[in-house]
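Listed below are the residues making up each chain.
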Amino acid sequence: MIQVSLLGATGSIGESTLDVLARNADRYQLFAVSGYRRLDQLFNICCQFQPSYAVVPQESAASFRQRLADQGLATEVLEGEEGLATIASHEAVQVVVAAIVGAAGLLPTLAAVEAGKRILLANKEALVVAGALFMDAVRKHQATLLPVDSEHNAIFQCLPDHFGKQPLADQGIEKLLLTASGGPFRGWSLSDLAGVTPAQAVAHPNWSMGQKISVDSATLMNKGLELIEACWLFNLQPASIEVVVHPQSIIHSLVSYRDGSVLAQLGNPDMRTPIAHALAWPERIDAGVAPLDLMTAGALHFEQPDEQAFPCLNLARQAFISGGTAAATLNAANEVAVEAFLQKRLAFNQIPELIEEVLQLTNIQPANNLDILLSEDRHARDVAGRCLTRFSKP
Ligand code: NAD
Ligand code: MG
């Protein structure tokens, strides 16, 4: 039995992962889970899967422990960041699913890397914040990093076998084509976007996801974060990665080769496919996803992203090019901006404005070590918080 630790079990990726695990219970055992809020849901997960460990925030640990004991469950409750690092690096575990949202996922995911685990990476922010350090640690500790983000998983599936061993250009690859659905506001102008509400922004046309990534999809920051994620995963510069809007979300991304071949991975938009792929790679297991019916899928469309109406994509591209701590700053400012937008303290179009202002007010430093990155993350959040008070409320 392969033992799995699931960081962020109560989220959207967490839920899809649990579904795949339950379908393949003869191969995989859920060893440990974590949850942050929605602890009723975590309790139900513990009842169903009976993991050895559950990690909750420190302040909830005592009551959660009591609840499990009352139910007669043997699941041991661990607390906070230390608990997350424990389940990510536990010697009994082979696979760690990194499905916490935001920079909060960085340290536990790095703990899994340093323990040399097979990591199923959904938490793209970890790579955005600390890409260089993260990839160095993957090599040093011989961890197996497998992308769960659907686009990166698609690219991974279209690459030659010796992924990571040789530069892509030496393997005849000219560029990657990263597909974007365009989100719920595709085709809207900057002025159309001025009054959009959180409810409109989180209503994604093709994917059901957590709130933060749904807002990121609506602003195209998600594609910006994914561009950075792809640069680190595949060791490329942004110039080799083209973003293509494809509203149907049937093609999940493409790889363009020197001889004119373009390979793509297609499928119904369901995160259980990339999760199952990364879980079983190089084998294949059932994901519970219906095969794509091309007749129902119909015509597939492609267009260029509108970088005027959606400036976040270019903000992310430029932050990667700037290097050092710039992407960590961008990520922190974006997390603050998205949270403020969801609380109706910031207008939709003010999200990129706030991020740009924070980038202007902070100095880029070399990202030599984790302490610098974590302190820049805190600093950028402080600066963003102060800027917020100057923005007029929507
Ligand atoms: P979500 O909001 O549904 O779930 C987030 C999980 O993280 C929850 O289990 C929550 O308890 C936990 N969490 C939140 N804050 C935390 C903190 N401070 N400390 C510890 N745990 C915390 O998010 P999601 O949509 O499942 O996305 C998770 C990650 O996967 C994100 O990085 C997202 O970008 C990425 N991703 C998601 C999808 C998708 O379809 N949902 C697709 C591709 C990539
Ligand atoms: Mg994606």
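Keep in mind that this is a model prediction, so the values were computed, not measured.

## With respect to the UniProt feature "binding site: 1-deoxy-D-xylulose 5-phosphate" (unreviewed entry) in the protein
Part 1 of the reasoning: UniProt annotation of "binding site: 1-deoxy-D-xylulose 5-phosphate" (unreviewed entry) refers to K124, S150, E151, S181, H204, S217, N222, K223 and E226 when read in the numbering used here.
Part 2 of the reasoning: Considering the arrangement of structural elements, one finds S150 in helix α7 (residues 150-158).
Part 3 of the reasoning: The exposure class assigned to S150 is buried, which follows from its relative accessible area of 5%.
Part 4 of the reasoning: Not counting chain neighbours up to four residues away, the residues in contact with S150 comprise W207, H252, M271 and P274.
Part 5 of the reasoning: For H204, a relative accessible area of 11% gives the class buried.
Part 6 of the reasoning: Not counting chain neighbours up to four residues away, the residues in contact with H204 comprise S181, G183, P184, M209 and S217.
Part 7 of the reasoning: A polar atom in the side chain of H204 sits 3.0 Å from the backbone nitrogen of N206.

## A short note on the domain arrangement of the protein
Part 1 of the reasoning: For the protein, the assigned domains are domain 1 (2-147), domain 2 (156-280) and domain 3 (323-391).
Part 2 of the reasoning: Each of domain 1 and domain 3 has a C-alpha centre, and the two are 27 Å apart.
Part 3 of the reasoning: The interface of domain 1 with domain 3 comprises ten residues on the first partner and twelve residues on the second.
Part 4 of the reasoning: Contact with domain 3 buries surface across domain 1, with V128, V129 and L133 losing the most and accounting together for 54% of the total.
Part 5 of the reasoning: Remark: the boundary between domain 1 and domain 3 carries zero salt bridges.
Part 6 of the reasoning: Elements represented by at least two residues in the side of domain 1 that touches domain 3 include exactly α5 (106-114) and α6 (124-140).
Part 7 of the reasoning: The element contributing the most residues to the side of domain 1 that touches domain 3 is α6, with five residues.

Thresholds, definitions, all that
- Residues numbered from 1 in each chain as written.
- Chains lettered and ligands numbered in written order.
- Predicted model: local features only at pLDDT ≥ 70, side-chain atom pairs only at ≥ 80, totals over all residues.
- Heavy atoms only, no water.
- UniProt positions renumbered as here; feature names shortened; annotations may be inferred.
- Helix = DSSP H or I, 4+ residues; strand = E, 2+ residues; numbered from the N terminus.
- Buried < 20%, exposed > 50% of the residue type's maximum accessible area, 1.4 Å probe, protein only.
- Contact = heavy atoms within 4.5 Å.
- Polar contact = N/O pair within 3.5 Å; in protein donor to acceptor, adjacent residues only side chain to side chain.
- Domains from an automatic or database assignment.
- Buried area = accessible area lost by both parts, 1.4 Å probe.
- Salt bridge = Lys/Arg side-chain N within 4 Å of Asp/Glu carboxyl O.

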